[in-house]
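# Fold and geometry: a report
Okay, here's what each chain looks like letter by letter:
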Amino acid sequence: MRSGKNPQKDDYRVNLRTNHRVIMVIYIPELSGYYEKMYEVLKVSVRSLIKTLPITSAITLVDNGSCETVRNFLIDLYNQNKIEALTLLRENIGKIDAQIGAARAAREPLLTLTDCDILFKENWVEETIKVFEKFENVGSVAPYPSRRSLTYFTFSTLKSIFLGINRLKFQSVPENFFDYNIFLKSINWKNETNENALWPVIDKKGYKAIVGSDHQILTLRSSILFDFSPHQPSFIKVGNKSENTYIDLPIDKSGGLRLSTYAYNAHHMGNELESWMLDVVDRLNDNNETLLLNIEPLKIRSNNSFRYKLEKKFLKIWVNAKIPSTYHNHKKIN
């Protein structure tokens, strides 16, 4: 039987107090081998995230079958009101399925999908949102630049350049040299020795960003995951083009630009903690700002797969002819 009236029926509206949500998937099944130091990396990542988020942003953590120590740490964060949402999965269901599931449960217009080994710097949210506001029809933005991702699922971006909507220049960015080598070290790649190495810079009325991004962390419009990502689960633990299929290609097919910030507003740490990382997080102050979004709705491109593939073949020829001989190691167009 039911006694009385549900009070929610009189106050039925739900007010959305945030406009941006960060979704982090954690999988640390043991504290040995590859994962031996990942718990310490995770704690630094989460600490830096909590300190740098404005009050208009929220956090969802997804435990994808981690060990008891990690799981208890995440539960403590929730109990201490440090995060807004926590999903506990007893078994690893695969990174992309855990990530997309949490993303589609969110209601904010902007979502940041991040690995659990990212070191967040001061004002990274502000600088990320600024790229959305300065350029027209942005689909995603990474908080640190990627020099080698000019043609990595950037068809829509390159098309805007071909049509003259945006301008592309290959320029040296020596102020990124040190941070770029930190990134290369984090993924165990060879260091860059030329501080004047060229970067693919996009310019809009004097405001600069970098074309392309990796996918360790990026902020995208949530509508892209609803309208362009596959609806069926991937059933893939990690890699095997799952991120390409569920995130990278949908961003590109939406017609949205894929960009990254001109400077480093975050770092990829890898699976080992270094002393400088602790120095960075220790210097962070709590972010008590309120950020209002001033972003135009995404102009959806025609979802015609044949036309998409045909135009992409043409753009591949066009952009390869534009790349200077001194711009090395760029990824091939996808």
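Refer to the structure presented above.
Residues numbered from 1 in each chain as written. Predicted model: local features only at pLDDT ≥ 70, side-chain atom pairs only at ≥ 80, totals over all residues. Heavy atoms only, no water.

## Observations concerning a nonpolar patch on the surface
How we decide: Surface patches are drawn from residues lacking salt bridges whose relative accessible area is over 30%; two like charges belong together within 9 Å, two nonpolar side chains (Val, Leu, Ile, Met, Phe, Trp, Tyr) within 5 Å. Where accessible areas are quoted, they stem from the Shrake-Rupley method and a 1.4 Å probe; at the residue level, only the protein chains shown are allowed to cover. Definition used for salt bridges: Asp or Glu carboxyl oxygen within 4 Å of a side-chain nitrogen of Lys or Arg. Runs of H or I in DSSP of at least four residues are treated as helices and runs of E of at least two as strands, each being numbered from the N terminus. With a 1.4 Å probe rolled over the protein chains alone, any residue whose accessible area is under 20% of its type maximum counts as buried; one over 50% counts as exposed, and the rest are partly exposed.
On the surface, a cluster of nonpolar side chains totalling about 390 Å² of accessible area is made up of F162, L163, I165 and F314. Of note, I165 is situated in the loop between helix 5 (155-162) and strand 7 (167-172). The class of I165 is partly exposed, set by a relative accessible area of 41%.

## Re helix 8 (residues 242-253)
Going by this rule: Here, expected helix span is obtained from the residue count minus one, scaled by 1.5 Å.
The end-to-end C-alpha separation of helix 8 is 16 Å, in line with the 16 Å expected for twelve residues at 1.5 Å each. With ten of twelve residues buried, helix 8 is to be regarded as a mostly interior element. What helix 8 keeps buried is the set S242, E243, N244, Y246, I247, D248, P250, I251, D252 and K253. At the exit of helix 8 stands G255, carrying a positive phi of roughly 95°.

## Notes on the packing of aromatic side chains
Convention followed: Pairing of aromatic side chains here covers Phe, Tyr and the six-membered ring of Trp, requires ring centres within 6.5 Å, and sorts the geometry by plane angle: under 30 degrees stacked, over 60 edge-to-face, intermediate tilted.
For the coordinates displayed, the defined rule picks out 13 aromatic pairs. A centroid spacing of 6.0 Å and a plane angle of 85° characterise the contact between Y27 and Y35, whose relative ring orientation is edge-to-face. Aromatic side chains F162 and F314 sit 5.3 Å apart centroid to centroid with 80° between the ring planes, which places their arrangement in the edge-to-face category. One end of the pair, F162, is in helix 5; the other, F314, is in helix 10 (residues 305-322), with 152 residues separating them in the sequence.

## Structural notes on the sheet that holds strand 9 (residues 207-211)
Counted only if it meets this: A pair of strands is labelled paired if DSSP reports no fewer than 2 bridges between them. Lines fitted to C-alpha atoms define the axes, with helix axes restricted to the stretch in contact, and inter-axis angles between N-to-C directions lie between 0 and 180 degrees.
An order of 3-2-1-4-10-6-11-9-8-7 is seen for the ten strands of this open sheet, with the pairing classed as mixed. Since the sheet does not close on itself, it has two edges, and those belong to strand 3 (85-89) and strand 7, each with one partner. Sheet twist, expressed as the average angle between the axes of neighbouring strands with direction ignored, equals 30°. Inspection of the sheet shows strand 4 (residues 110-114) paired to strand 10 (residues 217-221) by five bridges, in the antiparallel sense. Within strand 10, the residue paired with T112 across the bridge is T219.

## Let's talk about the packing of helix 3 (residues 95-104) against helix 8
Which entries qualify depends on this criterion: Orientation is classified from the angle alone, with under 35 degrees giving roughly parallel, over 145 giving roughly antiparallel, 65 to 115 giving roughly perpendicular, and any other angle giving oblique. By the definition used in this description, the sense in which the near helix is turned from the far one sets the handedness, with an anticlockwise turn below a right angle giving left-handed and a clockwise turn giving right-handed. Should any heavy atoms of two residues lie within 4.5 Å, those residues are considered in contact. Just so you know the grouping, Ala, Val, Leu, Ile, Met, Phe, Trp, Tyr, Cys and Pro go in nonpolar, Asp, Glu, Lys and Arg go in charged, and all remaining residues, Gly too, go in polar.
It is the contact of helix 3 with helix 8, at a shortest axis distance of 9 Å, that shows an interaxial angle of 25°. Comparing their axes, helix 8 and helix 3 come out roughly parallel. Considering how the two elements wind past one another, helix 3 and helix 8 form a crossing that is left-handed. In this structure, helix 3 uses K95, I96, Q99 and I100 to contact helix 8, whose residues at the interface are S242, E243, Y246 and I247. Its residues placed into classes, the contact of helix 3 with helix 8 shows four nonpolar, two polar and two charged.

Fair warning: the whole summary comes from geometry, so function is off the table for now.
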